[in-house]
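Summary of the model geometry
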Amino acid sequence: MGSIYGYVRVSTREQNEDRQMVALSALQIERNNIYVDKQSGKDFNRPMYRRLLKRLQQDDILYVKSIDRLGRDYKEILEQWRILTKEKRVDIVVLDMPLLDTRRGKDLMGTFLSDIVLQVLSFVAENERKNIRQRQREGIEAARMRGVRFGRPELPLPKDFGQICVRWEARELTGREAAKLCNMSMSSFYRKAGREREILKLEKTGMPGRERHIM
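To start, this report covers the structure provided alongside it. (Residues numbered from 1 in each chain as written. Predicted model: local features only at pLDDT ≥ 70, side-chain atom pairs only at ≥ 80, totals over all residues. Heavy atoms only, no water.)

**Re the pattern of salt bridges**
Test applied: By salt bridge we mean one thing: a side-chain nitrogen of Lys or Arg within 4 Å of a carboxyl oxygen of Asp or Glu. When a residue's accessible area, from a 1.4 Å probe over protein chains only, is under 20% of the maximum for its type it is buried; when over 50% it is exposed; and in between it is partly exposed.
Summed over the entire model, instances satisfying the criterion amount to 6 salt bridges. Taking the shortest distance from any N to any O, the salt bridge between Arg 103 and Asp 101 comes out at 2.7 Å. For Arg 103, a relative accessible area of 38% corresponds to the partly exposed category. Its relative accessible area of 5% is what places Asp 101 among the buried residues. Between Arg 167 and Glu 172 there is a salt bridge, and its shortest N-O distance comes to 3.5 Å. Judged by its relative accessible area of 36%, Arg 167 falls in the partly exposed class. Sharing partners across several salt bridges, the network here consists of Glu 79, Arg 82 and Glu 87.

Laid out in structure tokens, this is it:
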């Protein structure tokens, strides 16, 4: 029997890894043998996981709390499982799913069943993440249709914003100078100046424009 390791991943630096750490600590894994990544799985940039892979040797045992700790999606999970079990020849134990324990059933049938369960669970995990993102998008869209505005509210425009825009368009001021007078970034100034121009056009044609202070 080789050494025993644990791997923990949380998707952002704000998340807490305590739940996974408690589960691994109960197995009396040495703290130096537990590798923790606190980075998003989106780009799979996981330095501690790469360090763990270099350290793992044949017959070592790797514990993870759940299967989605191994990868960002269905394809990545299967690839990491292949690397660990076929190339590194280590055993994997997934605590949330006792069927995924490669120490059991080392014969052909046991390996086959383990691989089938892995593929099903990986697929389910990826679909659940997709469903969560879809529900979030639908919720945001529904809120927008109700008039809910997201992000920080924009500050009121300075009282002399219109005059500054006129001076800028007359090239009396550079974009940088105009933005500084308005106490905003150049991109914000250009965007709001464009809105101001559209409002002035509407007013000239007799159509009501939106109030400037909410732009």
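**What about the packing of aromatic side chains?**
Short version of the rule: Only centres within 6.5 Å qualify two rings of Phe, Tyr or Trp (six-membered ring in Trp) as a pair; their planes then separate them into stacked at under 30 degrees, edge-to-face at over 60, and tilted for everything else. Going along the chain from the N terminus, every DSSP run of H or I of four or more residues is numbered as a helix, and every run of E of two or more is numbered as a strand. As a reminder, the over-ring test applies to NZ of lysine and CZ of arginine, requiring each to be within 6 Å of the ring centre and within 35 degrees of the ring normal.
Taken as a whole and judged by the stated rule, the model has 5 aromatic pairs. Aromatic side chains Phe 161 and Phe 189 sit 5.9 Å apart centroid to centroid with 70 degrees between the ring planes, which places their arrangement in the edge-to-face category. In this pair, Phe 161 is assigned in helix H5 (residues 161-169) and Phe 189 in helix H7 (residues 186-204), connecting sequence segments 28 residues apart. Classification of Phe 161 as buried rests on a relative accessible area of 2%. The rings of Phe 161, Trp 168, Phe 189 and Tyr 190 are connected pair by pair, giving a single aromatic cluster. In this structure, Arg 46 is placed above the aromatic ring of Tyr 49, and the distance from its NZ or CZ to the ring centre is 4.2 Å.

**So, the side chain of Thr 102**
Convention followed: Throughout this description, a polar contact denotes any pair of N or O atoms lying within 3.5 Å of each other; where both atoms belong to protein, one of them has to be capable of donating a hydrogen while the other can accept it, and for residues adjacent in sequence the pair is counted only when both atoms sit in side chains.
Along the chain, Thr 102 turns up in the loop between strand S4 (91-94) and helix H4 (108-145). For Thr 102, a relative accessible area of 14% corresponds to the buried category. At 2.8 Å, the side chain of Thr 102 and the side chain of Asp 91 are in polar contact. A distance of 2.8 Å separates the side chain of Thr 102 from the backbone nitrogen of Ile 92, its partner in a polar contact.

**Re the sheet that holds strand S2 (residues 34-37)**
Test applied: By this definition, two strands are paired if DSSP reports at least two bridges between them. Here an angle of 0 to 180 degrees is reported between the N-to-C directions of two axes, which are lines fitted to C-alpha atoms, with helices fitted over the stretch in contact. Residue contacts are counted whenever heavy atoms from the two residues lie within 4.5 Å of one another.
Pairing is parallel across the open sheet formed by 4 strands, whose spatial order is S2-S1-S3-S4. On the outer flanks of this sheet lie S2 and S4, each paired with one strand and no other. Taken pair by pair, the neighbouring strands of this sheet meet at an average axis angle of 20 degrees, ignoring direction. Packed on one face of the sheet, helix H1 (residues 18-25) meets strand S1 (4-9), S2 and strand S3 (61-64) and runs near 170 degrees to S1.

**Regarding the pairing of S3**
Inclusion rule: Crossovers are described as right-handed under a simple rule: with the strands pointing away from the observer, the path leading from the first strand over the helix to the second runs clockwise.
Side chains of S3 alternate between two faces, with Ile 61 and Tyr 63 and Leu 62 and Val 64 buried alike. Relative to S3, S1 is paired through 4 bridges, and the arrangement is parallel. Across the sheet, residue Tyr 7 finds its bridge partner in S3, namely Val 64. Bridging between S3 and S4 involves 4 bridges; their strand directions are parallel. The partner of Leu 62 across the bridge, within S4, is Ile 92. Between the parallel pair S3 and S4, the chain is carried across by helix H3 (residues 74-87), and the sense of this crossover is right-handed.

**A short note on the nonpolar core**
Note the following rule: Nine residue types can take part in a nonpolar core, namely buried Ala, Val, Leu, Ile, Met, Phe, Trp, Tyr and Cys, and a core is a set of them joined through side-chain atoms within 4.5 Å.
Counting residues in each nonpolar core, the largest one holds 19 residues, and the members touching the most others are Leu 52 and Leu 84. In terms of residue count, the dominant contributor to this core is H3 (4 residues). Apart from the residues lying within four places of it in its own chain, the contact partners of Leu 84 are Tyr 49, Leu 53, Leu 56, Leu 62, Leu 70, Arg 89, Val 90 and Ile 92. Core analysis: the next-biggest nonpolar cluster, separate from the first, contains 11 residues, Phe 161, Cys 165, Cys 182 and Met 184 among them.

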